[in-house]
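# Residue-level structural notes
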Amino acid sequence: MNRESVVAKKKFGQNFLKDESILRKIVEAMPKNDNKVVEIGPGLGDLTKFLVDVKSVEAFEVDTDLCKLLQTTFKEEIATKRLHIHCGDVLEAWKNTLIDEPYDLVANLPYYIATNIILKALADPMCKNILVMVQLEVAEKFCAESGEKVFGSLGIIAQSVGDARLIVKVPPTAFDPQPKVDSAVFLIQKSRDRSEKEFEDMLRVAFTQPRKTLMKNLSSKYEKVTLQEAFEKLGLTLTIRPHQVSTKDYHQLYKII
Ligand SMILES: C[S@@+](CC[C@H](N)C(=O)[O-])C[C@H]1O[C@@H](n2cnc3c(N)ncnc32)[C@H](O)[C@@H]1O
């Protein structure tokens, strides 16, 4: 098989990034450090080519046809241990950590499991930074600030571990085949561990009905009197909506209730 004869497989979320200027922007946005790079879904290897130029790379690809193609394309890099290809489902390979040394995740992710992968990377103590392409709507949720309509659990979880920022928006024309949605590259620089499970459980309750008041959502699980005291202490009004509360106040609220 050669790359010209590859037919993209929808079930694996294969949209190959063709626009070289975007590939370069991804590489330019990589944090400068000595960490390894993990690439999930190298596909035809177009991003991988840029990555192996600057770092050694551990790549995880589920599609066995593409694994064979990559093994031929990157024969030299594999022989010199610049690149290691793990053939199989990355979610099955992922235990507590994905690899046993500090790494940055740099990838054009398969969109059907992108949020799941990012949440796993946020929880992985070996993962230090996350620079990924996902669908625009997902990127905006991770990078949202308190007060914005799309601010929710994902934005709070991201802000709790570090800084999240949008790098570049990418139109469907940058890919082959073209996805139906706009995409974006964003970066999360981690400086803290992911929050406790119970904190994230509280967020789920807080955003059950995002347009209702925070008080109404939280009172489905927590004591109303405790909530009223906590709101008063933090200066939160009883009519405040879940997206209007800051990440810092969510952490304070969690401590109190
Ligand atoms: C959006 S494509 C990106 C391909 C390439 N990196 C690029 O930028 O052109 C997503 C890639 O992830 C791979 N993939 C999908 N599900 C996967 C999984 N569970 N584990 C590992 N790789 C997966 C697909 O086969 C595909 O190569």
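What you are looking at is a predicted structure, and each value in this text was computed from that prediction instead of being measured. (Residues numbered from 1 in each chain as written. Predicted model: local features only at pLDDT ≥ 70, side-chain atom pairs only at ≥ 80, totals over all residues. Heavy atoms only, no water.)

## Here we look at the pairing of strand β3 (residues 57-61)
Under the convention used in this document: Relative accessible area decides the class of each residue, using a 1.4 Å probe on protein chains only: under 20% of the type maximum gives buried, over 50% gives exposed, and in between gives partly exposed. Helix and strand assignments come from DSSP, with helices taken as H or I runs of at least 4 residues and strands as E runs of at least 2, each series counted from the N terminus. For two strands to be treated as a pair, DSSP must find no fewer than two bridges joining them. Think of it like this: strands point away, you trace from the first strand over the helix to the second, and a clockwise trace means the crossover is right-handed.
Burial within β3 is extensive, with five of its five residues counted as buried. With burial as the criterion, each face of β3 is covered, one bearing Val 57, Ala 59 and Glu 61 and the other bearing Glu 58 and Phe 60. Bridging between strand β2 (residues 36-40) and β3 involves four bridges; their strand directions are parallel. By the bridge assignment, Val 38 is partnered in β3 with Glu 58. Between β2 and its parallel partner β3, the chain crosses via helix α2 (residues 46-54), and the hand of that crossover is right-handed.

## Here we look at the domain arrangement of the protein
Rules: Throughout, the edges of the domains are those of an automatic or database domain assignment. Throughout, a residue-residue contact means that at least one pair of heavy atoms, one from each residue, lies within 4.5 Å. Here the quantity called buried area is the total loss of accessible area, with a 1.4 Å probe, experienced by two parts when brought into contact, counted for both. What qualifies as a polar contact is a pair of N or O atoms within 3.5 Å, subject to a donor-acceptor requirement within protein and to the restriction that residues adjacent in sequence count only when both atoms come from side chains. Three classes are used: nonpolar for Ala, Val, Leu, Ile, Met, Phe, Trp, Tyr, Cys and Pro, charged for Asp, Glu, Lys and Arg, and polar for all others, with Gly counted as polar.
Looking at the protein, the domain boundaries give domain 1 (3-190) and domain 2 (197-256). Distance between the C-alpha centres of domain 1 and domain 2: 33 Å. Listed per partner, the contact involves 11 residues of domain 1 and 13 residues of domain 2. When domain 1 packs against domain 2, close to 910 Å² is buried across both sides, 60% of that on carbon and sulfur atoms. Connecting domain 1 to domain 2 are four residue pairs in polar contact (both at pLDDT 80 or more). A class-by-class count of the residues in the side of domain 1 that touches domain 2 yields three nonpolar, six polar and two charged.

## Some points on the pattern of salt bridges
Stated formally: When a carboxyl oxygen of Asp or Glu lies within 4 Å of a side-chain nitrogen of Lys or Arg, that pair is called a salt bridge.
By the definition in use, this model includes 11 salt bridges. Note that Lys 36 and Glu 101 form a salt bridge whose closest N and O atoms lie 3.5 Å from each other. Here Lys 36 is found in strand β2, whereas its partner Glu 101 is found in the loop between α5 (90-93) and β5 (103-108), with 65 residues between them in sequence. The salt bridge partner of Asp 201 is Arg 204, with a shortest N-O separation of 3.0 Å. One end of the pair, Asp 201, and the other, Arg 204, are both in helix α9 (residues 197-206), three residues apart, so they sit about a helical turn from each other.

## Here we look at the UniProt feature "binding site: S-adenosyl-L-methionine" (unreviewed entry) in the protein
Here is the rule: UniProt positions are given in the numbering used here, feature names are shortened, and annotations may be inferred rather than shown by experiment.
Mapped onto this numbering, the UniProt entry annotates "binding site: S-adenosyl-L-methionine" (unreviewed entry) at Asn 15, Leu 17, Gly 41, Glu 61, Asp 89 and Asn 108. Within the secondary structure layout, Asn 15 lies in the segment before β1 (16-17). Sequence-distant contacts of Asn 15, defined by excluding residues within four places in its chain, comprise Asn 108, Phe 175, Asp 176, Pro 177, Gln 178 and Pro 179. Position of Leu 17 relative to the elements: it lies in strand β1. Looking at Leu 17, the relative accessible area reads 6%, which means it is buried. Ignoring sequence-local partners within four residues, the contact set of Leu 17 consists of Ile 22, Leu 23, Ile 26, Asp 46, Asn 108, Met 133, Ala 174 and Phe 175.

## Observations concerning the sheet that holds strand β7 (residues 162-170)
Across a sheet, paired strands are connected by hydrogen bonds in the backbone, their directions being either parallel or antiparallel. Quick note on the threshold: Note on geometry: axes are lines fitted to C-alpha atoms, helical ones only across the stretch in contact, with angles between N-to-C directions running from 0 to 180 degrees.
Read across the sheet, seven strands follow the order β4-β3-β2-β5-β6-β9-β7 without closing on themselves; strand pairing throughout is mixed. The open sheet is flanked by β4 (83-87) and β7, the only strands paired with a single partner. Direction aside, neighbouring strands of the sheet carry axes that sit 20° apart on average. Relative to strand β9 (residues 183-190), strand β6 (residues 127-135) runs antiparallel, the two being bridged by seven bridges. If you follow Gln 135 over to β9, its bridge partner there is Ser 183. Helix α6 (residues 114-123) rests against β2, β5, β6 and β9 of the sheet, and its axis sits at about 170° to β6.

## Details of helix α1 (residues 20-28)
For the record, the criterion: Note that the arc is computed from the directions linking the helix axis to the C-beta atoms.
Within the span of α1, buried status applies to Ile 22, Leu 23, Ile 26 and Val 27. On an axial view of α1, the arc spanned by its buried residues comes to 140°, and they lie on one face. Where α1 is buried, its residues meet β1, α2, β5, β6, β7 and β9.

## Some words on the UniProt feature "domain: Ribosomal RNA adenine methylase transferase N-terminal" (unreviewed entry) in the protein
With numbering matched to this structure, UniProt assigns "domain: Ribosomal RNA adenine methylase transferase N-terminal" (unreviewed entry) to residues 22-192. Helix makes up 36% of residues 22-192 and strand makes up 29%, while its end C-alpha atoms are separated by 29 Å.

## Structural notes on the packing of aromatic side chains
Stated formally: Here a Phe, Tyr or Trp ring, Trp counted by its six-membered ring, pairs with any other such ring whose centre lies within 6.5 Å, and the pair is stacked when the planes are under 30 degrees apart, edge-to-face when over 60, and tilted otherwise.
Counted according to the given criterion, the structure contains three aromatic pairs. An angle of 15° between the planes, with centres 5.6 Å apart, marks the rings of Phe 142 and Phe 186 as stacked. Of this pair, Phe 142 sits in helix α7 (residues 136-143) while Phe 186 sits in strand β9, and the two are 44 residues apart along the sequence. On the accessibility criterion, Phe 142 (0% relative accessible area) is buried. Given a relative accessible area of 0%, Phe 186 falls into the buried group. Ring centres of Phe 207 and Tyr 250 lie 5.9 Å apart, and the angle between their planes is 35°; this geometry places the pair in the tilted category.

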